[in-house]
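One-letter residues, chain by chain:
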Amino acid sequence: MPSITLRGIEKRYSRSAAPSVRNLDLDIADGEFLCVLGPSGCGKTTTLRMIAGLEHPTAGEIQVDGRTFDSVEKGVYVPPEKRGMGFVFQSYALWPHLTVQDNVEFGLALRNMDRKARRAASEGVMEKLGIAKYRDRYPSDLSGGQQQRVALARMLVVQPSVILMDEPLSNLDAKLRLEMRAELKRIHLESKSTVIFVTHDQWEAMTLASMIAVMSEGTLQQLDTPDNIYNRPCNRFVAEFVGSPPMNFIELGSGGTSAALSASLRNHLDGADPRVCRGSVGMRPESLRIAAPSSDAMPAAAYAAHATVTGIMPTGGSWIVELTTAGQKLFASVNAPPHIQLGDEAVFWVDRADLHLFDEHGDRLPDEAAVPHQRKEK
Amino acid sequence: MPSITLRGIEKRYSRSAAPSVRNLDLDIADGEFLCVLGPSGCGKTTTLRMIAGLEHPTAGEIQVDGRTFDSVEKGVYVPPEKRGMGFVFQSYALWPHLTVQDNVEFGLALRNMDRKARRAASEGVMEKLGIAKYRDRYPSDLSGGQQQRVALARMLVVQPSVILMDEPLSNLDAKLRLEMRAELKRIHLESKSTVIFVTHDQWEAMTLASMIAVMSEGTLQQLDTPDNIYNRPCNRFVAEFVGSPPMNFIELGSGGTSAALSASLRNHLDGADPRVCRGSVGMRPESLRIAAPSSDAMPAAAYAAHATVTGIMPTGGSWIVELTTAGQKLFASVNAPPHIQLGDEAVFWVDRADLHLFDEHGDRLPDEAAVPHQRKEK
Amino acid sequence: ASGAQAAASNGSTGLGIADAEYSLDKLIEAAKKEPPITVVDATGKIKVMAEKFSEKYGIKATGEKISASNQEEILVREAQARNVRRDVFNMSNLPNVTAQFLPQGIAVSWMPPDLKGETPAEYQHPAITSLNVWVWVYNPAVFGDKCPVDNMWALTDQKWKGKISIPDPLLRNETMFWFNQIADNSDATMKKAYEAYFGKPLESKEPTAMAEWVKRFASNKVKVQKSDTDVGPIVGASTAEHPVIGFVSAAIFSHAKHENFPMAVCKEMTPWVGQLTPRVAVIAAGTKSPNAAKLFVHYMMSAEGMLPQMEDGKVSTNRNAKMPESDASGVGKLTEKMYVNNSDTTPDDFKKLQYWRDLWTVSSR
Amino acid sequence: MFSKYRLKIALREPTVVVGILAALLFSYLIVAPIVSLLGDAFRVQFADSMRIGQAAGSFTFYNLERVFRSIVSPAILWDPLVNTLSVSFGAMAIALVAGGILAWLISRTNIMGRKWFATALIVPYMLPSWTIALAWSSIFLNRTVGGQPGLLESMGFEPPDWLAYGQLPITIVLALHYTPFVILLFGNALRSFDSQLEDSARMLGAPTSVVARRIIIPLMRPSLLSAVTLIFAKCLGDFGVAYILGAPVKYDVLATSLFRSVTARQGGEAAVLAGVIILIGTISVLIDARLVREARRFITIGSKGSMNRTQQLGPWRLPMTALAGAMFVVSVALPLAVLFLSTVMRTPGKFVLDNFTLDYWIGQDLPTTALRTGILITPDFWHAAWNSLWIVGIAAVCAGVLGVLVGYVVVRSPLKSIGAYLRYITFLPYLVPGIAFAAACLSIFAVPHGPIPALYGTAAILILALMADQMPFASRAGISAMMQLGKDPEEAAQVAGAGWWKRLIKVVIPIQKGPLAAGILLPFISGLKGLSLVIMLATPGTDLLTTYAIRLVDFGYSQAANAVVLMLSAIAFFGTLFLQKTTKTSLASGMGG
Ligand SMILES: Nc1ncnc2c1ncn2[C@@H]1O[C@H](COP(=O)(O)OP(=O)(O)OP(=O)(O)O)[C@@H](O)[C@H]1O
Ligand SMILES: Nc1ncnc2c1ncn2[C@@H]1O[C@H](COP(=O)(O)OP(=O)(O)OP(=O)(O)O)[C@@H](O)[C@H]1O
Ligand SMILES: [Mg+2]
Ligand SMILES: [Mg+2]
């Protein structure tokens, strides 16, 4: 149940290269379930490996439960085997010379657990992950997903107090993934271990995490609760990165893609924080409502505009509607079959509360920024 | 643009083991974009490898464009290098001794393309996949997602007419994935190549595929359009496997989980095909509508019942509501924030047309089965 | 060097009991109190000798077969390290012993005073235990009783080009020493032999007749083998169209017996049928069992000691020793026709070793 | 920048400590003897002191002068040098091609009798190299040198000299003898090679030849280069074959020159020649080190989802099996048959029934004085066999284990210089002639050094020297294996809580058991065959099989001696089988099987 603290961590793989992780400060409370999100190559794996002690930071300090594990300045280093963490490698890193069972029991054997207890523990975990029947196979005789589950089982069976997982479910099918998630959640609750979980699946992150860290190009963008990450992204990067289909943006400043649209929005936001007018406005696809132009479902307080339906994609249970207005494409996501045809005219609207405002640097403007001055003055 | 035909394919890895793929018949028209879905270990990779000629079936025949590539009976075998297919391996299989660029250009060099043309082609692909700046790195110096993109680039650059991809996007973030998907779709449209694409992401399958094959334990369950797979699953396995959260099932036959619920459903379906009463009924979470008990939004023709709200999970843009009725849990997925509190009483309803009926063997009953006999007689 | 040589054979070796108080019984008595010894020779028969010695005196001796060059290496290295494990050596490179090991104090040579009467004087300084017999041989199955060559100069003749097989002289210093011995002591004989063969006096730019012989011999495409063990069968397998003359040690005759190949000594070869290489008893100066070592030297120099080796054609220096019936070579009777080493010129052998090697190397290219 | 943190990390890694310890050990075991040997090159030898008028032991360039620029230098240095290089490169190339193909067939395809070939094709190394030379002679010998005529000659065809003696036969015999190096090193690397790396090239349309050239060979570079450098070194140092097939026709190689100098105790000359050989060897190591500089590029084990599938040969199955069979016949069956025949015939080459006998094997009451019974019922023989087995066995196991450690340090140590040093010095013993190495060992180990007592006279010195002498192969096997093993498996063990030692024992060594077994196997085999070290360093009275055989030759019992040699090969063979069975490391089996 330890807390993990990273202070000013930097990692350069080679002296000449740009740092893969830079100036990273991260505080993870004990018992946290932290999901790390970020584009490919942003330094997630590197960060995890540094926490595990497999990679050595070029600057900064890592503490776990107040104990310094790494400190470049003070010259402290605790080797991975002494850190007592669990790690699921992105590449599995199974031992090719051991059977599934032996792979899973390896950690237990290291702890000098006797054969029987070992067997019982490993059987339990393997059973739960659905790999018990492959126990005597070698990793090279397993399918990708099976291998990944062995990697997971191997880590879980020793019940480490800090669990680091690098995309541990990427090769599993949706159903299994759901089960695994439930299992991880349960383990986390029961053992109260601290978990850091790298995933590319935002839905996974949203449902699993108590906190989410979003990284980009080696730096931390936002560390927040899932709700805040989604609903109050601290900058455009986070706003754009989280959510699928991604948030729609309309540039208000000069150089925006669609002058007409910007104008109408500026008009709508008249009186709001002037910084918005140099920045941009974001709208989540699912907060875009669509109706036939004749419909009167549109509430008064919302921003509304006309558009043409240029695409409808069913995605199994929901539909993505592509709208084109004033030369810009916007995506809306609807849960019920849209009663609209391709090529139709439509109106769409967004609640004023659902608009995300960003300044010209891409930083989020406080929610009050959307409120017109005159009203505030009242 | 070739068509691919598999006839009675079976694959046993060892004589004693159960077959990993059995009695597989598959017809893939030319220019098809086939997504293969299935639980971990069901034989997707094996099937792909057999089509590529990397694995040898123990029975059956594989034809591409009418030409026999494999035939156990006739003793025909065409080696992979003669098949002219592209393959993206689940584990990338990048060559560690070649730089990214050399990895990508390998196939071009084989085709005796001159240096300049090669460079141009590889640059183009690498640029599109966002790995151009790593061109001089070795694969071991790349992040997981970057490696996966190299694997993809290596295949795409030679523009094969048959493309086999084994979970090629599993290690990419949502945003990149979207871009890659668009890219793949574009390539497919332009080159008219036949694509077989293994994925665990159903959303991906739904948006990309022209046809979807669902496999389970080495056998093909359904080969159909995405729409049919989702809306007319041919058996309970497919119904359950596709869709997230998965379809809710209510057992009508003996041994069902909730006697009260079955009774009320049986009642509702009174007059329908009697086989239903020994089978089960499925409802997709997103076809479950919820309202406060007082609400009168419920249409008459729907099956409705009372339930307690036992869980609400926000998942970024949509909400999953867990309902408990007569001791059974049901999941509903709603797109707008549900105006309901945890512990509240609620009614839920499902359009009769949204009910999926299955017989006792789990096979889908024809849609007319839901129509009561008496009406039919009229 | 000659001073050291004298000291070496005087008995004042400083090892064990002094010669002044010497008697065989005293030596045996003293030896019995000492640790077991290891004795070394270049032939495997040393095992038998050691066993017989142990039987006779009740003093444990282990026999070890080590090749000549290894023996020297071991003797030197053990002495340098002051960690002596091998006590007595029966060495075949006399010049190395007299010119290097004895003067350097690495080893001593001791002549048992009570055997002085039984041993010719030339074999006492240092104590030479036995003579190894090397002879020219041919295939009697092809040529009958008469060797096709009877003069060493014939071997330099075009007729025998490429038809002579000898152990590589560059691996066997005794050959080089022999060349020098002849050059130093019997060069005139060589000259005479030339005249006898070619019918005219020798004209040569080389300083000696022997050097001329070596030069011609070496350039006559002599086939060298790693050892005379390989030479024997080649001679034995030679035919009338492809005759081969070989140079082997007498021990090869027992090989011929075991492996059934024909081989006979060129008895008529002039000036010499072959070479008698002296083998000298050497006691490691650092031995921990000086008296036992001396006793073993005594045993080797005695009439019975060499017996096991005499079966292989080695000749004991002890006058009382009789060649056994089982000597396969019959060379015992030919010793008069062989070149006998002159110990006085051994220091020169040592010094000129490289000269002869180079002459051989250059001539045989 | 050598920060405290870096230092801390470096010191946490036992590789540094182990590396330093290993470096010290081998400095003592290998470098010290060799330096003392080479020192003679610049010292006036006792025998020369009178002639050149300088005191023995003083500094001189006389030896260099003599070897490089005297009238004898063409004969002892330059010609042999040219010959050596052509023989070595030739043998290397042949062994590489033959061994490479065979290794691939055995470890990656479904040729018939894979398991069987996996062991059978290593046998050529178990036979002393002269037996292959002997087999060659018995077929191709002509009348130039004399002796028993060869098979061809007796059939009426006289083989030309170039076929009977000199460069070609030496090259081929050496190649056949050292092909097992390639089969073992390359085969082991191939065995754990992820077949998907091949697959992906084939999917892009690469035919087998391109796959081999562009993918397999570059990736297998560490093991191939190791095999090549070892063969090269062995060829540089091997004089046995060159002597039998070359000396009679004046085809000399450096090793024969060196052998002559050492045997004739021309210390200075020998030191210079050894120096030349070591120098050439050094160049080859440097080239090798340069070609595999970036170890991470050769990682083929431990990556994501590796597979090893055997390649179905299809219609090629029979021809390929025949190919392997042919190799077996040429390099194993023929020499063995020739050798065996020589042990059952009283007179060599006389094919009449009453000339055949089993006396040399199991005869009783024989007339031969020193060997009254056939060797199989002679207690001395079994005694010698047992001595050979345990002494060489221990040395081989030590060498194998140290080899893995060296490999580990070379590849993983943050201190690259230690790695480079170890890599180099453990390679040296192959370049130094056994007798010179033994003599040097004797000097060094006979004297106590600090805490190390004088080992001379104990079995320990023999084991140490044998071990040092066999380090080249062991360490090469270890280095090339470690180079192909990724860090992943080890890191996984590390986070599972395994310290360095546990990781080594439970992960690295089991994964690398193939190379490790090879690292024990070949030292064992060549230790069994080795003579010069044993003769110099063995405690008096302990007979080993080789010394026993030499003694039999000395008595003229060459048939019995050959029988001993056959038995020696048999011991090597069964030792190999035993090791393969117990460690399940037959080349034919895949990872974890
Ligand atoms: N070499 C092998 N030996 C024995 N069984 C194997 C071998 N390779 C795969 N299998 C088995 O065959 C089945 C199908 O494997 P396959 O790799 O095709 O699965 P998959 O559908 O690709 O699964 P995943 O989604 O997990 O990658 C699995 O149950 C697997 O365990
Ligand atoms: N050994 C290395 N040498 C140089 N650069 C490296 C090395 N390993 C990783 N990098 C670079 O560091 C950056 C971060 O890599 P990291 O593996 O942490 O990414 P990631 O966030 O895990 O990405 P992914 O989601 O694709 O796995 C990447 O740009 C990568 O190219
Ligand atoms: Mg990563
Ligand atoms: Mg798969």
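Residues numbered from 1 in each chain as written. Chains lettered and ligands numbered in written order. Predicted model: local features only at pLDDT ≥ 70, side-chain atom pairs only at ≥ 80, totals over all residues. Heavy atoms only, no water.

Q: Please provide a residue-by-residue account of the overall build of chain A, values included.
A: Each helix and strand in chain A was counted, giving ten helices and 19 strands. Across its three principal directions, the C-alpha atoms of chain A cover 75 × 50 × 40 Å. In chain A, buried positions account for 60% of the 378 residues. Considering only intrachain contacts with a sequence separation of at least 6, the fraction spanning at least 24 residues in chain A is 65%. Within the structure as shown, chain A displays about 14700 Å² of accessible surface, and the carbon and sulfur contribution to it stands at 50%. With 41 positive and 46 negative side-chain charges, chain A shows a spacing of 5 Å between the two charge centroids. (Helix = DSSP H or I, 4+ residues; strand = E, 2+ residues; numbered from the N terminus. Buried < 20%, exposed > 50% of the residue type's maximum accessible area, 1.4 Å probe, protein only. Contact = heavy atoms within 4.5 Å. Areas by Shrake-Rupley, 256 points an atom, 1.4 Å probe, with all protein chains shown as cover. Lys, Arg positive; Asp, Glu negative; His and termini not counted. Charge placed at Lys NZ, Arg CZ, Asp CG, Glu CD.)

Q: Would you mind going over the interface of chain D and chain A in detail, with residue names and values included?
A: Listed by partner, the interface residues are 32 residues for chain D and 37 residues for chain A. Between chain D and chain A lies a buried interface of about 3100 Å² when both sides are counted; carbon and sulfur atoms form 59% of it. Considering only the surface of chain D that becomes buried against chain A, D:Tyr5, D:Lys304 and D:Val495 emerge as the three largest contributors, covering 23% of it. Our enumeration of links across chain D and chain A arrives at two salt bridges. Between D:Arg503 and A:Glu81 there is a salt bridge, with the nearest N and O atoms lying 3.6 Å from each other. Connecting chain D to chain A are seven residue pairs in polar contact (both at pLDDT 80 or more). Going through the elements one at a time, α1 (4–12), α24 (488–495) and α25 (500–511) of chain D are the ones with two or more residues in the side of chain D that touches chain A. The residue inventory of the side of chain D that touches chain A, partitioned by class, reads 15 nonpolar, six polar and eleven charged. (Buried area = accessible area lost by both parts, 1.4 Å probe. Salt bridge = Lys/Arg side-chain N within 4 Å of Asp/Glu carboxyl O. Polar contact = N/O pair within 3.5 Å; in protein donor to acceptor, adjacent residues only side chain to side chain. Nonpolar A, V, L, I, M, F, W, Y, C, P; charged D, E, K, R; others polar.)

Q: Outline the site of ligand 1, supporting the account with residue identities and numerical values.
A: The immediate surroundings of ligand 1 are formed by 20 residues, with A:Arg137, A:Gly145, A:Gln146, B:Thr45 and B:Thr46 found nearest. In this structure, ligand 1 sits where chains A, B and D come together, each supplying nearby residues. Contacts to ligand 1 include A:Gly144, whose backbone N or O atom sits 3.3 Å from an oxygen atom. With respect to ligand 1, the backbone of B:Lys44 contributes an N or O atom lying 2.7 Å from an oxygen atom. Considering ligand 1 on its own, with 630 Å² of exposed area, one finds that the protein chains cover 93% of that surface. Looking at the shell around ligand 1, the elements that each hand over two or more residues are α4 (144–156) of chain A together with α1 (44–52) of chain B. Looking at the shell around ligand 1 residue by residue, the classes come out as three nonpolar, twelve polar and five charged. (Near = heavy atom within 4 Å.)

Q: Describe the site of ligand 2, and please don't skip the residues or the numbers.
A: Around ligand 2, the surrounding shell holds 19 residues, and the nearest of these are A:Thr45, A:Thr46, B:Arg137, B:Ser143 and B:Gly145. Flanking ligand 2 are residues from chains A and B. In this structure, A:Gly41 approaches ligand 2 through a main-chain N or O atom, which is 2.7 Å from an oxygen atom. In this structure, A:Gly43 approaches ligand 2 through a main-chain N or O atom, which is 2.9 Å from an oxygen atom. Contact with the protein chains covers 90% of the free accessible surface of ligand 2, which is 640 Å². Breaking the shell around ligand 2 down by element, the ones donating at least two residues are α1 (44–52) of chain A together with α4 (144–156) of chain B.

Q: Lay out the domain arrangement of chain A with the relevant residues and their values.
A: Residue and element names in this part refer to chain A. The domains assigned to chain A are domain 1 (4–238) and domain 2 (246–370). For domain 1 versus domain 2, the distance between C-alpha centres works out to 38 Å. Opposite the eight residues of domain 1 that make contact, domain 2 presents twelve residues. By the criterion of area lost to domain 2, the three top residues of domain 1 are Tyr-230, Pro-233 and Arg-236, representing 68% of everything that side buries. (Domains from an automatic or database assignment.)

Q: Requested: an account of the confidence of the model for chain A, with residues and values cited.
A: Of all residues in chain A, 92% attain a pLDDT of 70 or more, and the chain-wide mean is 85. Contacts for the low-pLDDT stretch residues 374–378 of chain A, under 50 throughout, to residues beyond four places or in other chains number four contacts. (pLDDT = per-residue confidence, 0-100.)

Q: Tell me about the pairing of strand β8 (residues 162–166) of chain B, and name the residues and values.
A: Residue and element names in this part refer to chain B. Burial analysis of β8 places five of its five residues in the buried class, the great majority of the element. Residues Val-162, Leu-164 and Asp-166 of β8 are buried on one face, and the alternating residues Ile-163 and Met-165, pointing to the opposite face, are buried as well. Pairing analysis gives four bridges linking strand β7 (residues 85–88) to β8, with the strands arranged parallel. The partner of Gly-86 across the bridge, within β8, is Ile-163. Taken together, the five bridges between β8 and strand β9 (residues 194–198) define a ladder with parallel strand orientation. Pairing of Leu-164 across the sheet is with Ile-196, part of β9. Where the polypeptide runs from β8 across helix α5 (residues 174–191) and back to β9, its parallel neighbour, the crossover connection is right-handed. (Pairing = 2+ DSSP bridges. Right-handed = clockwise from strand over helix to strand, strands pointing away.)

Q: Quick rundown of the coordination of the magnesium ion (ligand 4)? Include the residues and the values.
A: Taken together, the protein donors to the magnesium ion (ligand 4) comprise B:Thr45 (OG1) and B:Gln90 (OE1), at separations of 1.9 to 2.2 Å. With B:Thr45 in helix α1 and B:Gln90 in the loop between β7 and α2 (100–110), this pair connects stretches of sequence that are 45 residues apart. (Donors = N, O, S within 2.8 Å, 3.2 Å for Na, K, Ca; no water.)

Q: Before we move on, could you go through the arrangement of the chains and cite the residues and values that matter?
A: Most contacts, among the four pairs of chains that meet, fall between chains C and D. Taking C-alpha atoms as the reference, chain A and chain C come no closer than 47 Å and do not contact one another. Without any contact between them, chain B and chain C keep their closest C-alpha atoms 48 Å apart.

Q: So what's going on with the packing of helix α9 (residues 209–218) of chain C against helix α14 (residues 346–363) of chain C? Which residues, and what values?
A: Residue and element names in this part refer to chain C. Taken N-terminus to C-terminus, the directions of α9 and α14 make an angle of 35°; their axes are 8 Å apart at the nearest point. Helix-helix and strand crossings are classified by hand; for α9 and α14 the assignment is right-handed. From α9, Met-210, Ala-211, Val-214, Lys-215, Phe-217 and Ala-218 reach across to α14, where they touch Tyr-355, Trp-356, Leu-359, Trp-360 and Ser-363. Partitioning the contact of α9 with α14 into residue classes produces nine nonpolar, one polar and one charged. (Axes fitted to C-alpha atoms, helices over the stretch in contact; angles between N-to-C directions. Left-handed = near helix turned anticlockwise from the far one by under 90°.)

Q: Any details on the pattern of salt bridges? Residues and values, ideally.
A: Side chains that carry opposite charge are capable of pairing whenever their charged atoms lie near each other. This model, assessed by the stated rule, comprises 57 salt bridges over all chains. A salt bridge links C:Lys215 to C:Glu206; its shortest N-O distance comes to 3.5 Å. What makes C:Lys215 partly exposed here is its relative accessible area of 36%. Given a relative accessible area of 19%, C:Glu206 falls into the buried group. The salt bridge partner of D:Glu65 is D:Arg69, with a shortest N-O separation of 3.6 Å.

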